[in-house]
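Structural overview for review
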Amino acid sequence: MEHRSDEIKLGGISKVSLPFYEPPPRKTSAEIINEARLAIRESQMAESSFISTPIKPLQTQRPFTPRNKERLLFGKKNKANRPPSSFSLRYLQNEAEIPTNVPDSNMILSPHMLSTTTKPIPPKTTSRPIFTKQRSNSLSEVNDNKIFNIGIKEISLNKVRLPSLDHMKPLQKRKFFNTSSLDNLPEEQESPDSKTERKAFSSPQERTDFNDDDSPFGRSSSKQKNLSQCLLLGPQNLNKIFDNRHIIENSETLFIGTGYLNRGHSPQRRNKVQNSILESKERTVDNVIDDLNNESNRIDNEDLVIELLEELYEKMEKDNLLSSKINSKMKIHVLKALYKFVESQNEKLLLNIARVILALKVTGNNLSGVCKLIFKVSKNDKNDYLFFQKNILELFLDALGRSSPLDDAEACVYGYGSVKFLTMNTQLLDKILSLGILQLMVLHIKIINNAKMDKTQMPEQTNHALFQLTGALRNIVSEENIYETFISCGAIQQLCQTMDLFSADLDIISNISRIFSTISTNDCCCDSLVEYKDIYKVIIHLFDKYPGNEEIIVRLAYTLGNIVAKIDNTRVKFYHEKNSVNSLLNLWKIYLERTLKICSLKTDNELIENGNPEDVMIKVIRVIANVIINPDIGKAVNESYGCLLIDEFLKVLISNPFKKNEELVMSILSTLNNLSYYYTSDMETDIFHIKQVEIVEGITEYARSRNKECVIESMRIMGNLSRSKITRDYITESEVFKILLNILDKADLTLLKTTIGVFVNLMADNKSRNLFKNQGGIAKLITILKNYGQNDWLLGMLVCQVIWNYCIDTMDLYELIPDDEIQQLLVILADYLDEEKLFGVTEGSEDAEVYVTQEYLIWEEFASVATNLLEKIEYFLDTFDQIHIESETTLTKDSSTNLSFAAW
């Protein structure tokens, strides 16, 4: 057996396996410290580099979207084939009229038959009644924009008669045909075994006893057991019946409800009679409906109608008419009474009507109608408080849950249009979310996506419904606390798929781009976005499809910039997607030209109100800046697109129209910094080597800008480019050197670090050293070290490095640094290198906790440079006399001789 098989890895060190009874070896303090030190050094490596400045993700503001206070279904831009946002309800006032002709006894009445005239149908070839299916979701078939369209059965009214009481036979079980009228509910079915004759009544009122002995018709019959049967003898006898007080007094519920008893009496008398008759009985649903019918012809009675509607809901709930499906006759009875009030201008009344209709769990066109009713109320934000009352929201969302975006598209258009309006209210938004609306919306999106993938033919209204749905989602994602649920219920994945499937629908893409630009500020949402395998392909496709649509491009570019700013793997995937960088460059050119055109026409105010092309440029360039953070991509972009990018960037930096836009300038400077990070001075073919002077000239103006961030970015670029002697010579020969010295008087630590980093490179040349000496550079550095060194060890390390490079070639420090400044430097360095004073560490101390702190590890980096500088100064002072004597007998050496520290 090989000996190495008995070895195991512990703490990175191979150890011979130990007996089971011995505890495993523990890492020593030195090992723990070394590992922590390595980790800290790796994290600080970019910042502590003296060769180049670090690259970092570029941040920007989210595209500004002003909230439109107006509640509009589709916005102000009119397009063809859109559902109307306003509609007439007047036709419903005629629903209470009784037709002149009554259908055959085998026919089923519907409210529409009671209010409209039907064209005769040619003679039937069979005895079966003709039924025509009329359920439709088409907006063009809603009876001239009427809210409610109760589907009816087309029947022949040429020979309409009341059913005869003679020869009544038991009714056989009927076969019902599928209609859209009132949810396709059949009439109550009779038991096949029933031997009781079914009586036909001209009114749905309750039956009343009739005294055979007092019959005004002079004949008694076992088939004539109530007044309603007598009425069926023929309409020609109605007047006689109504004039007979005896009959009327024995049929209270029939005639009080229809108002015949009250003809010729005042309202006060009418109410008195009603109260006297009904005071001993509990009110029923029929009583409330009768009262509603009576109030329908009066005005200024809205408060009373609202009370009756509330009472109707309570009675129906008590009678269990809401928990289960009621028969079609009762549903007709209720809806017919409600429809008489839908033209009211009282929103509270309308919402109470909607509450009862929703509780009936209507479907089809009735559902579309009630959604329109709610939409009408929700259009005005002053009505928001009404939706907090009772259970209207619960009923409404339950109705949406029973809707299909394919079969009930019209209902979803106005339903989600209402949700979009209501979610503009923060308090309503919270309540709606608590009712589970988000999961329902995702389900509806999934249904639509699946139908689209299966190439199922969908009505045009489905697209409109999807637009309203995504518009409501945009309001919902304004609440960051729902992001976890938003991810877990699969909303992001479904929206990505929708954006792919409906890329031709500009309105839907616009809504989704708004959603993505909002949620992409969240790291978890970004992770979910990149899980969609074709996300980059879809975005690039939309870049190419809508290059001139600023609203979409700016938001998708912002979303993409957020994605590639956070995850390195996303940068690789996007870069290798076909046409990725080219699509960005194309967008850049389009909006650059658009901005220049605006400036040339001098119509800033007029055109910028309709868009901000510079903002698109910012978002596009940010994507490039964040993608090139990856070293391989950064180098590849430099090689393939570097020349084009630099030319485009310089064009903006030197153009007056763009100088006012500080965010655009900052974006360009940050991108140049990230690109120049990969510049290597030993490659003369490098594009930055070729154009380095042009770049420094272009950014010089921003190095003295009042905007601190612009100055910092300019210093970072110079720090990268000053690795080249060509750039260093240009700086020393131009005003840039003086600009750099002036910055040393600033108090901003970040600005000081980036500027001192440039001096680290400049001190490699004698010409720069002389300029630095003559303009008091060392005194400025000593002041910085004294004031800020102990608070920022990285800044102190950079100062020490500049001084080290400054005096690296001299044998006489007094030639470069005055004696008083040398003494100050000695005191500061000795103080900053006192480990016991700073951290309480004494000789032989084994306090591992101190050694692994981040501050101590960064201080160690400072100490390594400061110690070398301190030893150099002390060695010079100790040997100064000897060096001075030797220097008198030695030939003067070239001042450009570069001696290493080891020579001392």
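A brief structural summary. Since the model is a prediction, treat every value here as computed from it, not as a measurement. (Residues numbered from 1 in each chain as written. Predicted model: local features only at pLDDT ≥ 70, side-chain atom pairs only at ≥ 80, totals over all residues. Heavy atoms only, no water.)

**Topic: the overall build of the protein**
Selection criterion: In DSSP terms, a helix is any run of H or I states spanning at least four residues, a strand is any run of E spanning at least two, and both are numbered starting from the N terminus. Three exposure classes are used, based on accessible area relative to the maximum for each residue type with a 1.4 Å probe and protein chains only: buried under 20%, partly exposed in between, and exposed over 50%. By definition, residues are in contact when any of their heavy atoms lie within 4.5 Å. Note on areas: Shrake-Rupley with a 1.4 Å probe; residue coverage comes only from the protein chains shown.
Counting secondary structure elements, the protein contains 42 helices and 2 strands. In the protein, which comprises 904 residues, the proportion classed as buried is 49%. Of all intrachain contacts in the protein linking residues separated by at least 6 positions in sequence, the fraction that spans at least 24 positions is 74%. As displayed, the protein has an accessible area near 45,100 Å², and 48% of this comes from carbon and sulfur atoms.

**What to know about the pattern of salt bridges**
Threshold: Every case where a carboxyl oxygen of Asp or Glu lies within 4 Å of a side-chain nitrogen of Lys or Arg is listed as a salt bridge.
The final tally for this structure, using the stated rule, is 24 salt bridges. Each of Arg283, Asp291 and Glu311 takes part in one network of salt bridges that share partners.

**Let's talk about the packing of aromatic side chains**
The following threshold applies: Each aromatic pair joins two rings of Phe, Tyr and Trp (for Trp, the six-membered one) with centres within 6.5 Å, and gets the label stacked for planes under 30 degrees apart, edge-to-face for over 60, and tilted for any other angle.
Inspection of the entire model under this criterion finds 13 aromatic pairs. Taken together, a centroid distance of 5.8 Å and an interplanar angle of 85 degrees make the contact between Phe737 and Phe759 edge-to-face. With Phe737 in helix H33 (residues 736-743) and Phe759 in helix H34 (residues 749-762), the pair connects residues that are 22 residues apart, well separated along the chain. This pair shows no difference in class: Phe737 is buried, exactly as Phe759 is. A ring pair is formed by Trp793 and Tyr832, whose centres lie 5.6 Å apart and whose planes are at 90 degrees; its orientation type is edge-to-face. Here Tyr832 lies in helix H38 (residues 819-832) and Trp793 lies in helix H37 (residues 793-806), a separation of 39 residues in the sequence. The exposure class of Trp793 is buried, given its relative accessible area of 6%.

**Concerning the packing of helix H27 (residues 631-653) against helix H30 (residues 687-703)**
What counts is decided by this rule: To get an axis, a line is fitted to the C-alpha atoms, and for a helix only the part in contact is used. The angle between two axes follows their N-to-C directions and goes from 0 to 180 degrees. Each angle is binned into one of four classes, with values under 35 degrees roughly parallel, values over 145 roughly antiparallel, values of 65 to 115 roughly perpendicular, and all other values oblique. Left-handed describes a crossing whose near helix is turned anticlockwise from the far helix by less than a right angle; the clockwise case is right-handed. Gly falls in the polar group here, along with every residue not listed as nonpolar (Ala, Val, Leu, Ile, Met, Phe, Trp, Tyr, Cys, Pro) or charged (Asp, Glu, Lys, Arg).
Between H27 and H30, whose axes approach to 11 Å, the crossing angle comes to 20 degrees. Relative to H30, the element H27 is oriented roughly parallel. At the point where H27 passes H30, the crossing takes the left-handed sense. Here Asn638, Gly642, Cys643, Ile646, Asp647, Leu650 and Leu653 of H27 come into contact with H30, specifically with Ile687, Phe688, Lys691, Glu694, Ile695, Gly698, Ile699 and Tyr702. Grouping the amino acids of the contact of H27 with H30 by side-chain chemistry returns 9 nonpolar, 3 polar and 3 charged.

**Looking at the packing of helix H26 (residues 613-627) against helix H29 (residues 662-676)**
Closest axis-to-axis distance for the H26/H29 pair is 9 Å, and the angle between their directions is 15 degrees. Judged by the inter-axis angle, H26 sits roughly parallel to H29. By crossing handedness, the relation of H26 to H29 is classed as left-handed. Here Glu614, Met617, Ile618, Lys619, Ile621, Ile624 and Ala625 of H26 come into contact with H29, specifically with Glu663, Leu664, Ser667, Ile668, Thr671 and Asn674.

**Thoughts on the environment of Leu373**
Relative to the helices and strands, Leu373 resides in helix H11 (residues 364-378). Judged by relative accessible area, Leu373 falls into the buried class, the value being 0%.

**A short note on the environment of Arg716**
What counts is decided by this rule: Here a polar contact is taken to be a pair of N or O atoms separated by no more than 3.5 Å, where protein atoms must pair a possible hydrogen donor with a possible acceptor and residues adjacent in sequence count only if both atoms sit in side chains.
Structurally, the position occupied by Arg716 is in helix H31 (residues 708-721). On the basis of relative accessible area, Arg716 is assigned to the buried category, the value being 12%. Between the C-alpha atoms of Arg716 and Asn674, which are 42 residues apart in sequence, the distance is 9.3 Å. Within the local environment of Arg716, its side chain forms a polar contact with the side chain of Glu713, the two groups lying 2.8 Å apart.

**With respect to the nonpolar core**
In a soluble, globular protein the nonpolar side chains are often hidden away together inside. Selection criterion: Only buried residues count toward a nonpolar core, which is a set of Ala, Val, Leu, Ile, Met, Phe, Trp, Tyr and Cys residues joined through side-chain atoms within 4.5 Å.
Phe486 and Phe772 are the most contacted members of the largest nonpolar core, which has 221 residues in total. Looking at this core, the element that brings in the most residues is H37, giving 11 residues. Once residues lying within four places of it in the same chain are set aside, the contact partners of Phe486 are Leu438, Leu473, Val477, Ala491, Ile492, Leu495, Ile515 and Ile519.

**Let's talk about helix H32 (residues 725-733)**
The cut-off we apply is this: Think of it as the arc spanned by the lines of direction from the helix axis to the C-beta atoms.
Where H32 is concerned, the buried positions are Thr727, Arg728, Ile731 and Thr732. Projected down its long axis, H32 shows its buried positions confined to an angular sector of 130 degrees, all on one face. The inward-facing, buried residues of H32 abut H30, H31, H33, H34 and helix H35 (766-774). Two or three places before Ile726, at the opening of H32, Ser724 has a side-chain oxygen 3.2 Å from that residue's backbone nitrogen.

**Here we look at unusual backbone geometry**
In this structure, Lys361 takes a positive phi of about 55 degrees despite not being glycine. Along the chain, Lys361 falls in the loop between helix H10 (347-359) and H11. Positive phi values are uncommon outside glycine, yet Lys455 reaches one of about 60 degrees. Within the element layout of this structure, Lys455 appears in the loop between helix H15 (437-453) and helix H16 (460-476). The exposed category is assigned to Lys455, whose relative accessible area is 76%.

**Things to note about H15**
Inclusion rule: One less than the number of residues in a helix, times 1.5 Å, gives the span that helix is expected to have.
Across its 17 residues, H15 extends 24 Å between first and last C-alpha, which sits within 8% of the 24 Å expected from 1.5 Å per residue. On its buried face, H15 is in contact with helix H12 (392-401), helix H13 (409-422), helix H14 (426-434), H16, helix H17 (483-488) and helix H18 (491-501). A positive phi of about 60 degrees marks Lys455, the residue just after H15.

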